[in-house]
Amino acid sequence: MNKRLWLFLALFLAQTTGFGKGPPSTVKPESVGLSAPRLRNIDRLIDQHIGEKKIAGAVVLVARKGKIAYFREAGLADTGKPMQKDTIFRVVSMTKPLTSTAIMLLYEEGKLLLSDPVSKYIPEFKDPKVLELQPEGSASEYKLVPAHREISIRDLLTHTSGLLYLFPNNYYHERERQLVVDFYKEAGITDGFCRPNETIGDMVKRLARLPLYKHPGEVWDYSLASDVLGYLVEVVSGMPFDQFMQKRVFGPLKMRDSHFYIPKEKLGRVAAVWKSDWQGSLNKVTGPMIDRDLALCPSDAYALSGKYLTGGGNVLSTAYDYYRFAQMLLNKGELDGVRLLSRKTVELMTATNHIGNFDATFLHDHGWKFGLGFAIQQDRAHDVDAGDVGVFEWAGIYSTRFSVDPKEDKITIFMSQTSPFNLHFNLWDKLLVLSGSAIND
Amino acid sequence: MDIKKRPARLAVLLLAIAVCPASVWATGPRIKQDLFTPNANVIYALDFPPFITTELAGGGIAIELVNTVLQAEKINAPINTLPSPRMLAYYILQEKALAAVGGHLHFTAEEQKSLVFVPLLRLQEHYYVYRPKHPQGLPWQGDLKALATYVYGANQKEDVAAYQQAGVKVETGNTLTLLEKLKAGQVDFIGGPELAINWYLDRNFAADKDKFSKLEPNAGEGTLFIIFNKKHPQGETLAKQFKKGLAALIANGQYQALLEKQLGGGDAVSRYSLPLQ
């Protein structure tokens, strides 16, 4: 074969797969203090879940000391389509740490302070009101009282703003939450998992004028805060959020398969979403999934373009791309000679406790706190244990996960597309046990 | 300074420490509640673009009209535009706010007794259909009974009694979601002033704006009001003052000029203007 043909083939492969130079190389696990036989327990765990039709397929990546030691795909990405290492997943809420990073880039440039009131940039947030229930028998069931203080950018990063998501209303049955969610619905606010036909700014400017669930700084509640942060990036940088992310995060980190809207040539690489009862009933999802206040539209991921750019859940990515992002954080801001964030900023983002006496129990347990974009393990005295104090993690609603263990210099990534979300917790906890127990130095 | 030798300076220093509150000396929170200055005369408006919207510099034509009258009458009343009808109802009925501004507002007969309705703009309403679903339009000739087999998309809090009496099924939502439902075939027709519908079509459905069709004849007329609250200590007085100011604005041609500036020339002004005598 002549040189031109080789060149053509190389370019063709670069276009049709996510890996311009072929799949990223892995190292012998022993060279980074991991046991190969022990890592193979992960094969068994994943294959068993696929065999039992709990999940259709998955990609798992374990890295240590800056090298990938385990990278395996298994099962199906879609009907009749095997999972590939470069399969593209809806990472949904794993967008949030990316958005936090964008904010911290602006913070490092002196363009904003974390203590700034959000209203400094988005005036609709000025003069916030909090919904407070009144004693039974009062003329009004609730009052809208002035907030003790305005929402700060730091409140948005730590989910202490008093804003809400709608979908937790399915699980937490409190009257205040219900009333605030009713206001959200009336004003056309959604969680954004079904992408609305408007801009993120349109949504945020309505959200800002609605009552808060609690006073800023006096609650930890997972919320639309990251969506607000995404719009804040637009306001402060003057760039559409997707363009900012491409230029400042995806580009420098060579996250070549991370997008807000999928390019046409990559459509075939997007995994299907599967509804699983975790007991053998596994069906591909083709339409919207609506369960009371949770609305999911997996097929929105096939849209080639759109207006809605949400910092809370828009991004499509691969296990390898997300690994590159996680490795940058583990390296305290640098990857392959590119410094994205300073060491001091990453230390701030991953400081063990930003939320005082509150616990980030939403995905984890007591003993877990929240940094500037992810949950952080603060102690080992509780049931959900990721292997070390200081481990930071987050997840996406279609059962995607990442975990960074700074003490052991280890990253674990799990990508699947399985709904409902909460049923994969057991698998994830076991996967972290297996990646941790493979440490052999 | 050597404070032992300067007792007077020491006394001043100690006095300053005693007089200044502790918060002056401490590192306090950067964001304080006293940033907010409550005003007893707040007017609450409901999003209704382009008539009422924070997206336009003057707040929309209705807000410009209100502010022009308030200024002329030297009434100090800030306007706070809300995205939720329920919030507006809360402020006017529970908090006894001075006034509300909006179209498509619905108050019960009992509630209306404590409210003073002052018309600001006329709202000529039309029905809209999505042509790919209804290429021939709908059999609308002015009688709702002819639409009994169809589904109407109503605004939240809209009075839908006439539709229900005619046997028309009703789904509710805000204008944007209703347009989405119209496009998705979940409702067959929606209603609204042409300016309001076009606002959303231009911003959110630009690619297929032409597929949404306006039905003739028009669907009736509504009114955009400023509604004063008799339960507010100054509600009735300021309502009278506002009416007088608005009448003066109409009489001196400023009302017409404002509408022309915002809506352009042609018949748009006559479709939204109050009678000018």
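Draft legend 1. Up close: the domain arrangement of chain A. Residue and element names in this part refer to chain A. Taken as a whole, chain A is organised into domain 1 (28–93 + 245–280 + 296–437) and domain 2 (98–241). Distance between the C-alpha centres of domain 1 and domain 2: 26 Å. Contact with domain 1, which involves 30 residues of that partner, is made by 30 residues of domain 2. Taken together, the elements giving at least two residues each to the side of domain 1 that touches domain 2 come down to α8 (241–250) and α10 (343–349). Sort the elements by how many residues they give to the side of domain 1 that touches domain 2 and α8 lands first, with three residues.

Draft legend 2. Quick peek at the confidence of the model for chain B. All names here are of chain B. With 86% of its residues at a pLDDT of 70 or more, chain B has an overall mean of 87. Here residues 17–37 is a poorly scored stretch, pLDDT under 50, and it has 15 contacts once near neighbours within four places are set aside; other chains count. Overall fold confidence (pTM) sits at 0.90, and the ipTM for the predicted complex is 0.87.

Draft legend 3. The sheet that holds strand β7 (residues 274–276) of chain A, seen in detail. Residues and elements named next belong to chain A. One open sheet accounts for three strands, arranged β8-β7-β19; its pairing is mixed. Two strands bound the open sheet, and with one partner strand each, they are β8 (282–284) and β19 (418–419). Alignment of β7 against β19, held across two bridges, turns out to be parallel. Pairing of W274 across the sheet is with T418, part of β19.

Draft legend 4. Focus on the pairing of strand β7 (residues 189–193) of chain B. Residues and elements named next belong to chain B. With respect to burial, β7 is a largely interior element, five of its five residues being buried. Strand direction decides the pairing type here: strand β5 (residues 151–155) and β7, joined by two bridges, are parallel. The residue of β7 that forms the bridge with Y152 is F189.

Draft legend 5. Just the nonpolar core, in detail. The biggest cluster of nonpolar side chains holds 196 residues, and the ones touching the most others in it are A:V60, A:L61, A:Y323, A:A326, A:I413, B:A62 and B:V101. Per element, the largest residue contribution to this core is nine residues, and it comes from helix α9 (residues 319–330) of chain A. Excluding residues within four positions of it along the chain, B:A62 makes contact with B:F51, B:I52, B:V101, B:L120, B:L121 and B:L224.

Draft legend 6. Molecular detail of helix α2 (residues 36–51) of chain A. Residues and elements named next belong to chain A. Along its 16 residues, α2 runs 23 Å from first to last C-alpha, staying within 8% of the 22 Å computed at 1.5 Å per residue. L39, I42, I46 and H49 are the residues of α2 that are buried. Viewed end-on, α2 has its buried residues packed into an arc of 60 degrees, placing them on one side of the element. Across α2 from its buried face, at more than 90 degrees, point the exposed residues P37, R44, Q48 and G51. Within two residues after α2, K53 carries a phi angle of roughly 55 degrees, on the positive side.

Draft legend 7. Main features of the environment of A:A102. Residues and elements named next belong to chain A. Among the structural elements, A102 can be located in helix α3 (residues 95–108). The class for A102 is buried, based on 22 C-beta atoms found within 10 Å. Sequence separation between A102 and L341 is 239 residues, and the spatial gap between their C-alpha atoms is 9.7 Å. Once you skip the residues sitting within four places of it in the chain, A102 turns out to touch V233, F244, M245, R248 and V249.

Cut-offs applied
- Residues numbered from 1 in each chain as written.
- Chains lettered and ligands numbered in written order.
- Predicted model: local features only at pLDDT ≥ 70, side-chain atom pairs only at ≥ 80, totals over all residues.
- Domains from an automatic or database assignment.
- Contact = placed C-beta atoms within 7 Å.
- Helix = DSSP H or I, 4+ residues; strand = E, 2+ residues; numbered from the N terminus.
- pLDDT = per-residue confidence, 0-100.
- Pairing = 2+ DSSP bridges.
- Buried ≥ 20, exposed ≤ 12 C-beta atoms within 10 Å, placed from the backbone.
- Core = buried A, V, L, I, M, F, W, Y, C linked by C-beta atoms within 7 Å.
- Expected span 1.5 Å × (residues − 1).
- Arc of directions from axis to C-beta.

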